[in-house]
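So you can see what is in the structure, the chains are spelled out below.
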Amino acid sequence: MAGVTEQQILDSLKEVIDPDSGKDIVSAGMITGLQTKDGHVAFAIEVDPDKGAGLEPLRKEAEEAVHDLGGVISATVVLTADRPAQGPDQGPPSPGGPPPVDHGGAPGGSTAALMPGVASIVAVASGKGGVGKSTTAVNLALGLAAAGHKTGLLDADIYGPSLPRMMGITGKPSSSDGTTLDAMENYGIKVMSMGFLVEEDTPMIWRGPMVQSALEQMMRDVSWGELDIMVVDMPPGTGDIQLTLAQKVPLSGAVIVSTPQDIALIDARKGLNMFRKVGVPVFGLIENMSYFTCPKCGERSEIFSHGGARIEAERLGIDFLGEIPLDIIIRETSDGGRPIVVSEPESEHALTYRAIADKVWEKIEHSLSDQDAQAPKIVIQ
Ligand code: ADP
């Protein structure tokens, strides 16, 4: 079947009327970032930030209009409220541009209302991909749950969402009230990920503002209920997208995952600076793949100058939260959807993750008790 053209998509969207202006959403200039690739279509609808949640039916209608076109395999539509107040001639979002300035959403301000029942949020970040950030986020969340805290896990790694697989969850979330999505759940943890919402073969063509609004939707339109702590698996790296996410989500703090190689430590430093820039406390550094344990004899070998992260943490004046070895059992359990903290809760590695979780919880308690005295501030440079 021939692919769908942009014109066909826009024509179908002209049938969708914005209830506020009475105009169709194309003439009203609300469509941005339209992308098509091999029958997969994605775009954003620019809406008034105050009306975002109420416009879900509009989003759905637009998605269905495009989905019904011949040649469309998947349609992914997000609402975005990133258009700056001034500047009426705003073009489509530029992928390489600077992060949009967050006019209304300082932590503790309007974004806090996104997840009203969530008492604290901790980001798990890394300077680059492949260091084991998601594995650490999952086992950290399970460690927090094992200590009796009501825990959620939000996959903000929108480019490569791996939490559904690691948490052993398949299927799509449903909605019991018709307006909000129910979080998925396994091992006593509530989970939401872009991986549940988009078709597996949808190309990840989200960029800049679209990524942010997808994340906002996962916070705002999901019934998370009452949680003591939400662990957010951040996208790897320290670019504009990560910086903006760090501003958008009212984070209590962040932990940085690094491997011992020097290069990774340079990346870890960038991560630290990013959070400092936006005034988010860094709870500490976790060294992953710190040393190698032989699966046969249990012998420990230090293949990558082990201990670099601990020294680096001291030098940077942040806490060292713990070290996790490179061990095939960690890979097999996390990639197999049975993370080690739940599948072998009394094993040495599980206990290490749980000890890290306890340290993170201590930091959270500190920051919660500080919160009344000093509201979290956002610094935009
Ligand atoms: P990231 O989120 O940083 O991209 P992942 O958590 O997806 O990294 O990990 C990348 C791969 O490395 C996965 O296959 C994961 O199972 C494996 N892995 C992560 N940490 C460890 C570890 N400590 N020991 C062995 N394998 C690991």
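All values reported here derive from a predicted model rather than from experimental measurement.

**Here's the deal with the overall build of the chain**
1) Next: A tally of helices and strands in the chain yields 12 helices and 14 strands.
2) Next: The burial tally for the chain puts 51% of its 381 residues in the buried class.
3) Next: At a minimum sequence separation of 6, the contacts of the chain that also span at least 24 residues come to 73%.
4) Next: Summed over its atoms, the accessible surface of the chain is roughly 16800 Å², and 51% of this surface lies on carbon and sulfur atoms.

**Some details on the sheet that holds strand β2 (residues 40-46)**
The pairing of strands in a sheet comes from backbone hydrogen bonds and takes either a parallel or an antiparallel form.
1) Next: In space, the three strands of this open sheet follow the order β1-β2-β3, with mixed pairing throughout. Whereas interior strands pair on both sides, the edge strands pair on one side only; in this sheet they are β1 (31-37) and β3 (74-80). Averaged over all pairs of adjacent strands, the angle between strand axes in this sheet comes to 10°, irrespective of strand direction.
2) Next: Packing of helix α1 (residues 6-13) onto the sheet brings it into contact with β1 and β2, and relative to β1 it is tilted by some 135°.

**Observations regarding the pattern of salt bridges**
Note that side chains of opposite charge can pair when their charged atoms are close.
1) Next: This structure, assessed with the given rule, holds 12 salt bridges.
2) Next: Two residues, E56 and R59, come together in a salt bridge whose shortest N-O distance is 2.8 Å. One end of the pair is E56 and the other is R59, both in helix α2 (residues 56-67) and three residues apart, which spans about a single turn.
3) Next: For D221, the salt bridge is made with R220, and the minimal N-O distance between the two is 3.3 Å.
4) Next: For D221, a relative accessible area of 14% corresponds to the buried category.
5) Next: Connected via shared salt-bridge partners are E56, R59 and E63.

**Focus: the pairing of strand β11 (residues 253-258)**
1) Next: Across the six residues that make up β11, a large majority, six, are buried.
2) Next: Residues of β11 alternate between two faces, with G253, V255 and V257 on one and A254, I256 and S258 on the opposite face, all of them buried.
3) Next: The sheet contact formed by strand β4 (residues 121-126) and β11 spans five bridges and is parallel. Its bridge partner being in β11, V122 is matched across the sheet by G253.
4) Next: Of the strand pairs in this sheet, β11 and strand β12 (residues 282-293) are connected by five bridges, and their pairing is parallel. Bridging across to β12, S258 finds its partner in E287.

**Digging into the site of the ligand**
1) Next: Neighbouring the ligand are 17 residues, the closest being K133, S134, T135, P325 and D335.
2) Next: The contact in question runs from an oxygen atom of the ligand to an N or O atom on the backbone of S134, over 2.8 Å.
3) Next: In the complex, 84% of the free accessible area of the ligand, which totals 560 Å², lies under the protein chains.
4) Next: Of all the elements in the fold, those that place two or more residues in the shell around the ligand are α3 (133-146), β12, β14 (320-326) and α10 (328-335).

**Things to note about helix α7 (residues 240-248)**
1) Next: Counting buried residues in α7 gives eight out of nine residues, a clear majority hidden from the surface.
2) Next: All of the buried residues along α7 are I241, Q242, L243, T244, L245, A246, Q247 and K248.

**What to know about the pairing of β2**
1) Next: With seven of seven residues buried, β2 is to be regarded as a mostly interior element.
2) Next: Residues H40, A42, A44 and E46 of β2 are buried on one face, and the alternating residues V41, F43 and I45, pointing to the opposite face, are buried as well.
3) Next: Taken together, β1 and the strand that follows it, β2, pair antiparallel across an intervening segment of two residues, in which D38 is found at a positive phi of about 45°.

**Focus on the nonpolar core**
1) Next: Core analysis: the biggest nonpolar cluster contains 80 residues, and W224 and F275 have the highest contact counts within it.
2) Next: The contact partners of W224, leaving out residues within four places of it in the chain, are M115, V118, L153, L154, A183, K190, V191, M192, M218, M219 and M230.
3) Next: V41, V47, A62 and V66 belong to the second largest nonpolar core, which has 21 residues in total.

**A look at the environment of I158**
1) Next: Along the chain, the position of I158 falls in the loop between β5 (151-155) and α4 (163-166).
2) Next: By relative accessible area, which is 0% here, I158 ends up buried.

**Details of the confidence of the model for the chain**
1) Next: With 81% of its residues at a pLDDT of 70 or more, the chain has an overall mean of 80.
2) Next: Per-residue pLDDT stays below 50 along residues 374-381; that stretch engages in 14 contacts with residues further than four places along the chain or on separate chains.

**Let's talk about the environment of Q261**
1) Next: Within the fold, Q261 resides in the loop between β11 and α8 (262-277).
2) Next: Of the residues examined, Q261 reaches a relative accessible area of 29% and is grouped as partly exposed.
3) Next: Taking the C-alpha atoms as reference points, Q261 and M289, separated by 28 residues in sequence, lie 9.7 Å from one another.

**Focus: the packing of α1 against α2**
What describes two packed helices is the angle between their axes and the distance between those same axes.
1) Next: Closest axis-to-axis distance for the α1/α2 pair is 9 Å, and the angle between their directions is 135°. One element, α1, and the other, α2, form an angle in the oblique class. Where α1 crosses over α2, the handedness of that crossing is right-handed. Here I9, S12 and L13 of α1 lie close against α2, whose contacting residues are A62, A65 and V66.
2) Next: For the contact of α1 with α2, the residue count by class is five nonpolar, one polar and no charged.

**Description of the side chain of T151**
1) Next: By the secondary structure assignment, T151 is in strand β5.
2) Next: We classify T151 as buried; its relative accessible area is 2%.
3) Next: With near-sequence residues (within four places) excluded, T151 lies in contact with A141, L144, A145, G188, I189, K190, L227, I229 and V231.

Quick notes on the rules
- Residues numbered from 1 in each chain as written.
- Predicted model: local features only at pLDDT ≥ 70, side-chain atom pairs only at ≥ 80, totals over all residues.
- Heavy atoms only, no water.
- Helix = DSSP H or I, 4+ residues; strand = E, 2+ residues; numbered from the N terminus.
- Buried < 20%, exposed > 50% of the residue type's maximum accessible area, 1.4 Å probe, protein only.
- Contact = heavy atoms within 4.5 Å.
- Areas by Shrake-Rupley, 256 points an atom, 1.4 Å probe, with all protein chains shown as cover.
- Pairing = 2+ DSSP bridges.
- Axes fitted to C-alpha atoms, helices over the stretch in contact; angles between N-to-C directions.
- Salt bridge = Lys/Arg side-chain N within 4 Å of Asp/Glu carboxyl O.
- Near = heavy atom within 4 Å.
- Polar contact = N/O pair within 3.5 Å; in protein donor to acceptor, adjacent residues only side chain to side chain.
- Core = buried A, V, L, I, M, F, W, Y, C linked by side-chain atoms within 4.5 Å.
- pLDDT = per-residue confidence, 0-100.
- Parallel < 35°, antiparallel > 145°, perpendicular 65-115°, else oblique.
- Left-handed = near helix turned anticlockwise from the far one by under 90°.
- Nonpolar A, V, L, I, M, F, W, Y, C, P; charged D, E, K, R; others polar.

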